[in-house]
Amino acid sequence: MTYAITQTCCNDATCVAVCPVNCIHPTPEERAFGSTEMLHIDPRACIDCGACADACPVDAIFPVDSLSAGQREYADINAAYYEGEEPLPVGDEVDGPNFHVWGEPAFERSLPSDFGPLRVAVVGTGPAGMYAAQDLLLHTAAEVTLIDRLPVAGGLVRYGVAPDHPATKKVGDTFSRFHSHPRVRMHLGIEVGRDVTAEELSAHHDAVIYAVGASTDKRLGVPGEELPGCLSATAFVAWYNAHPETVAQGVDLSAERVVVVGNGNVALDVARILVADPEALAATDIAAHALDALRASRVREVVVLGRRGPEDAAYTRSELLALKHVPGVELVVDDHDPRTAAAIDAAGAGDRAAVLKGLARVRTDAASPTGGERRIVLRFHSEVVEIRGGGGGVRSVRVTDGGGAGTADLGAGLLLRAIGYRGLPVPGLPFDEASGTVPHDGGRVAGLPGSYVVGWIKRGPSGGIGANRTCAAETVGALLADAVAGQLPAPKGDAKAFRRLARQRNRRVVDARGLAAIDRAERDRGRRDGRPRVKLATVEELVATARSGRLLRLTR
């Protein structure tokens, strides 16, 4: 029996580090790392030890013989990655006590024996910020100040991962163990530029790492985009994940058809949530207001528009495979353009378009569907030309049709644009308007010694959760190199002075004890409803719960 990596692979390569036979590739040292959709286990070399499954932070690794019907394709995907390659020598083929031939040891960081503790602020508690904090806490004696503009930690893991992907959310458990680390000080609800300045942060820390992500979205730039009922996928995802800055009753699901523009993983996420069985979602941590709205929803069909063909779609093969196995939902392909069918029919076994073979091919017309099975329609070679309104919202979406020869109108009551994220400027830091990122050199912010960036604000909105691990390693490596070289500006204030400053500017700051109170309260609410947790959905609820929980602990 061998193991296989499945859909929820986060690519952070924790499994690579623990594998005793080097059978998981690509590794961070290999050129292909970061360019593949997932990591792969070589079935010829796997020794069935299970170390990778134990280490995986998102429960993506399983024995092949335990894979469900919907997961069995992943065994073939893992094996196909190694076709045509000679297996690495293992066991008796190796002259020595090791399981396999190891490369030369490499020590990328070498800190002096008298290297003192640094005080580092990390702005943002999503995956990028927490990978950076984890690196500092595990490999140095640094003291870390965690800062987030929201009164709760988690970032993308809490507010970006779809609720029906609970395994992916488990990476948050890995990060949460650092929230109460003895060398961590937490200040949640503090926003740089509103409560404190970048200059004040730098004045109280040896270095500052900004991990603020890409919190806004790109625009379509077509007539009608400002109509009610035309939303960003960013806002929709935040809505169903109980983000405290969204309006709880802000999405109208009274129409039978929704159009989603874009064909990346986010587009597939929102399409799947729109037509999934609400009772299945009731077992997740989806926002209570979203669950109520989905239970009352009239949506029967979601049309996912892709500007390019199926061979160039931006979603991963893993996410598309999962979409084929959503209970009670039919996945079909719109064949309005002959190039779509040609690309699917010509696709090789390892091509992304090959996943679409065997799916029904249909033509979507102007009228919205009535009744019948819920379905997701993948419509390629199609762009939005205009969004038309009526009755106070979206009535139809005009799209290109038939290889650009004409246009067609699709009746719809809601349009979600999922065409990419974009970073916002951080007051006090340089900003590149074209890329939506902070200019940097290997993570060093241009022109600001002691300031660094990591994650999407550094490299743009590319790569999943695990990609932030190697990104953070580069940034932390640059920071430590600068510290060893004596290039970090000396701070003027200490940790206590910053704590006083933060609480003077914002009396509602949440610390680690307050965060623990929020976590307990949400889990308690979840247990009452038979769910993993029921999230507090407003800033007021979060702050009040943090305060009450903290006071309760102090009075015991």
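Residues numbered from 1 in each chain as written. Predicted model: local features only at pLDDT ≥ 70, side-chain atom pairs only at ≥ 80, totals over all residues. Heavy atoms only, no water.

Student: Provide a residue-level description of the overall build of the protein, including the pertinent values.
Tutor: When you go through the protein residue by residue, the secondary structure sums to 19 helices and 23 strands. Taken over C-alpha atoms, the radius of gyration comes to 25 Å for the protein, in line with the 24 Å a tight globule of 556 residues would show. With respect to the principal axes defined by its C-alpha atoms, the protein has extents near 70 × 65 × 50 Å. By residue count, 52% of the 556 residues in the protein fall in the buried class. Counting only contacts in the protein whose residues sit at least 6 apart along the sequence, the fraction spanning at least 24 positions is 75%. Side-chain charges of the protein comprise 62 positive and 70 negative groups, with the mean position of each set lying 8 Å from the other. (Helix = DSSP H or I, 4+ residues; strand = E, 2+ residues; numbered from the N terminus. Rg over C-alpha atoms; globule rule 2.2 N^0.38 Å. Buried < 20%, exposed > 50% of the residue type's maximum accessible area, 1.4 Å probe, protein only. Contact = heavy atoms within 4.5 Å. Lys, Arg positive; Asp, Glu negative; His and termini not counted. Charge placed at Lys NZ, Arg CZ, Asp CG, Glu CD.)

Student: Outline the packing of aromatic side chains, listing residues and values.
Tutor: Inspection of every chain in the model, using the stated rule, returns five aromatic pairs. Each ring, one from Tyr81 and one from Tyr82, has its centre 5.1 Å from the other, and the planes form 85 degrees; the classification is edge-to-face. Assessed through its relative accessible area of 26%, Tyr81 is described here as partly exposed. The interplanar angle of 90 degrees and the centroid separation of 5.4 Å between the aromatic rings of Phe236 and Tyr240 together place this pair among those described as edge-to-face. Residue Phe236 and its partner Tyr240 are both found in helix α9 (residues 233–240); the two are separated by four residues, about one turn of the helix. For the pair Phe236 and Tyr240, one class covers both residues: buried. One aromatic cluster is present, formed by Phe236, Trp239 and Tyr240 through successive ring pairs. (Phe/Tyr/Trp six-rings, centres within 6.5 Å; stacked < 30°, edge-to-face > 60°.)

Student: Quick one: what's the story with the packing of helix α4 (residues 127–139) against helix α16 (residues 467–484), residue by residue and with numbers?
Tutor: For the pair α4 and α16, interaxial distance at closest approach is 8 Å and the crossing angle is 50 degrees. When the axes of α4 and α16 are compared, the pair comes out oblique. Here α4 runs over α16; the crossing is right-handed. In this structure, α4 uses Pro127, Ala128, Tyr131, Ala132, Asp135 and Leu136 to contact α16, whose residues at the interface are Asn468, Arg469, Ala472, Ala473, Val476 and Leu480. Among the residues forming the contact of α4 with α16, the class breakdown is nine nonpolar, one polar and two charged. (Axes fitted to C-alpha atoms, helices over the stretch in contact; angles between N-to-C directions. Parallel < 35°, antiparallel > 145°, perpendicular 65-115°, else oblique. Left-handed = near helix turned anticlockwise from the far one by under 90°. Nonpolar A, V, L, I, M, F, W, Y, C, P; charged D, E, K, R; others polar.)

Student: Could you give an account of the nonpolar core, with specific residues and numbers?
Tutor: Counting residues in each nonpolar core, the largest one holds 118 residues, and the members touching the most others are Ile24, Ile209, Tyr240 and Leu378. If sequence neighbours within four positions are ignored, Leu378 has contacts with Leu268, Val304, Tyr315, Leu320, Leu331, Val332, Val333, Asp334 and Leu356. Membership of the second largest hydrophobic core comes to 21 residues, among which are Val192, Val196, Val208 and Ile457. (Core = buried A, V, L, I, M, F, W, Y, C linked by side-chain atoms within 4.5 Å.)

Student: Could you give an account of the environment of Pro449, naming the residues involved and the relevant values?
Tutor: Take Pro449: it is sitting in the loop between β22 (444–445) and β23 (451–453). Separated by 226 residues in the primary sequence, Pro449 and Pro223 place their C-alpha atoms 44 Å from one another. Excluding its chain neighbours within four sequence positions, the residues that come into contact with Pro449 are Gln487 and Pro489.

Student: Break down helix α17 (residues 495–505) for me, with residues and values.
Tutor: Burial in α17 covers these residues: Ala497, Phe498, Leu501 and Ala502. End-on, the buried residues of α17 take up no more than an arc of 135 degrees, which puts them together on one face. Those residues of α17 that are exposed and angled more than 90 degrees off the buried face are Lys496, Arg500 and Gln504. Those residues of α17 that are buried are in contact with β6 (143–148), β7 (184–188) and α8 (198–203). Its side-chain oxygen placed 3.3 Å from the backbone nitrogen of Lys496, Asp494 serves as the N-cap of α17. (Arc of directions from axis to C-beta. Polar contact = N/O pair within 3.5 Å; in protein donor to acceptor, adjacent residues only side chain to side chain.)

Student: I'd like a description of the pairing of strand β13 (residues 329–334), backed by residues and values.
Tutor: Among the six residues that make up β13, five are buried, leaving the element largely enclosed by the rest of the structure. Across six bridges, the pairing between β13 and strand β15 (residues 374–379) is parallel. Note that in β15 the partner of Val332 across the bridge is Val377. Pairing of β13 with strand β14 (residues 361–362) involves two bridges; the strand directions are parallel. Looking at the pairing, Val333 lines up with Arg361 of β14. (Pairing = 2+ DSSP bridges.)

Student: Before we move on, could you go through helix α3 (residues 73–80) and cite the residues and values that matter?
Tutor: The α-helix advances 3.6 residues per turn, and as a result positions three or four apart in sequence lie on the same side. Along α3, the residues that are buried comprise Tyr74, Ala75, Ile77 and Asn78. For α3, the angular spread of buried residues about the axis comes to 160 degrees, placing them on one side. Buried residues belonging to α3 abut β1 (3–5), β3 (40–41) and α13 (317–323).

Student: Would you mind going over unusual backbone geometry in detail, with residue names and values included?
Tutor: That bond from His25 to Pro26 is cis: its omega, -5 degrees, falls within 30 degrees of zero. Phi is positive for Asn22, which is not a glycine, with a value near 55 degrees. Within the secondary structure, Asn22 is located in the loop between α1 (14–18) and β2 (24–25). Among the residues examined, Asn22 registers a relative accessible area of 22% and is labelled partly exposed. Here Asp59, not a glycine, exhibits a phi torsion of approximately 50 degrees, which is positive. Mapped onto the elements, Asp59 comes out in the loop between α2 (51–55) and β4 (61–63).

Bear in mind that shape data such as this cannot, by itself, settle questions of function.
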